[in-house]
Amino acid sequence: MPSEFILYHNNRCGKSRAALALLEERGIAFETVRYLDTPPDLSTLTGIYRKLGLDSVRGMMRTKDALYKELGLDNPALSNDDLLHAIAEHPALLERPILVTADKAVIGRPLENIAALLP
């Protein structure tokens, strides 16, 4: 049976490591997806976006990352679909950490967002 919680995690990120520690401290069963090693496909990214309830995909992107600017993703003419394709091709653009449940997702910045989603 799949875990109720999925953590999209980058071990090099302090916030992501803190989210992992919080889940472990609380005894929460969760699946870890190291999204740089196992990038989510377009369908998965679309599902995460919907669960986050954001108006723009940019809300789940690392918009201050040099790659974001290099790829011209700051162009306001780009659609959410264009941005989701960019994340699928360049998973480093995905904000981290993200905790996903069956019907909701949160970005763990600040970490309290993740704590609020836990039982």
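Preceding block: the structure.
This one's a predicted model, so the numbers in the text were calculated from it and none came from an experiment.

Novice: When you look at the pattern of salt bridges in this model, what are you seeing that I'm missing?
Specialist: Opposite charge on two side chains permits pairing when their charged atoms draw close. Evaluated as defined, the whole model comprises three salt bridges. Of the charged contacts, one joins Asp-65 and Arg-62 as a salt bridge, the two residues approaching to 3.8 Å between their closest N and O atoms. A residue is classified by how much of its surface remains accessible, and Arg-62, at 19% relative accessible area, is buried. Put simply, Arg-109 and Glu-95 hold a salt bridge, and the shortest N to O gap is 3.0 Å. Of this pair, Arg-109 sits in the loop between β4 (105–107) and α5 (112–117) while Glu-95 sits in the loop between α4 (80–89) and β3 (98–100), and the two are 14 residues apart along the sequence.

Novice: In this structure, what is going on with helix α1 (residues 14–25)? I would like to understand it.
Specialist: Side chains of residues three or four places apart in an α-helix project in the same direction, reflecting 3.6 residues per turn. Given a rise of 1.5 Å per residue, twelve residues ought to cover 16 Å, and the 16 Å separating the end C-alpha atoms of α1 matches this to within 8%. The set of residues buried in α1 consists of Ser-16, Ala-19, Leu-20, Leu-22 and Leu-23. Around the axis of α1, the buried residues are gathered within 160° of arc, so they sit on the same side. Set apart from the buried face of α1 by more than 90 degrees, the exposed residues are Glu-24 and Glu-25. Of the surrounding secondary structure, the elements contacted by the buried residues of α1 are β1 (5–9), β2 (30–34), β3 and α5. At the exit of α1 stands Gly-27, carrying a positive phi of roughly 70°.

Novice: In this structure, what is going on with the packing of helix α2 (residues 42–52) against α4? I would like to understand it.
Specialist: The description of two helices packed together rests on the angle between their axes and the distance between the axes. Viewed as axis vectors pointing N to C, α2 and α4 meet at an angle of 125°, and their least axial separation amounts to 9 Å. Taken together, α2 and α4 sit at an angle that is classed as oblique. The crossing of α2 and α4 is right-handed. On α4, the residues that touch Leu-42, Leu-45, Thr-46 and Tyr-49 of α2 are Asn-80, Leu-84, His-85, Ile-87 and Ala-88. Tallied by class, the residues present in the contact of α2 with α4 amount to six nonpolar, three polar and no charged.

So, how was this worked out
Here the residue index of a chain counts from 1 through its sequence in written order. Where totals are concerned, whole chains, interfaces and linings use all residues; where local detail is concerned, this predicted model gives features only for residues with pLDDT of at least 70, and gives and counts side-chain atom pairs only at 80 or more. Excluded from the side-chain calculations are hydrogens and water; all other atoms, namely the structure's heavy atoms, are used. For this document, the term salt bridge refers to a Lys or Arg side-chain nitrogen within 4 Å of an Asp or Glu carboxyl oxygen. Using a 1.4 Å probe on the protein chains alone, a residue whose accessible area is under 20% of its type maximum counts as buried, one over 50% counts as exposed, and one in between counts as partly exposed. A helix here means a DSSP run of H or I that spans at least four residues, while a strand means a run of E at least two residues long, and both kinds are numbered starting from the N terminus. How far a helix is expected to stretch is found by multiplying one less than its residue total by 1.5 Å. To be clear, the arc concerns the directions from the helix axis to the C-beta atoms. Contact between two residues is taken to exist if any of their heavy atoms lie within 4.5 Å; hydrogens are not considered. Angles shown run from 0 to 180 degrees and are taken between the N-to-C directions of axes, each axis being a line fitted to C-alpha atoms and, for helices, limited to the stretch in contact. Angle categories: roughly parallel below 35 degrees, roughly antiparallel above 145, roughly perpendicular from 65 to 115, and oblique for all the rest. In this scheme the crossing of two helices becomes right-handed for a clockwise turn of the near helix relative to the far one and left-handed for an anticlockwise turn of less than a right angle. Basically, the charged four are Asp, Glu, Lys and Arg, the nonpolar ten are Ala, Val, Leu, Ile, Met, Phe, Trp, Tyr, Cys and Pro, and anything else, Gly included, counts as polar.

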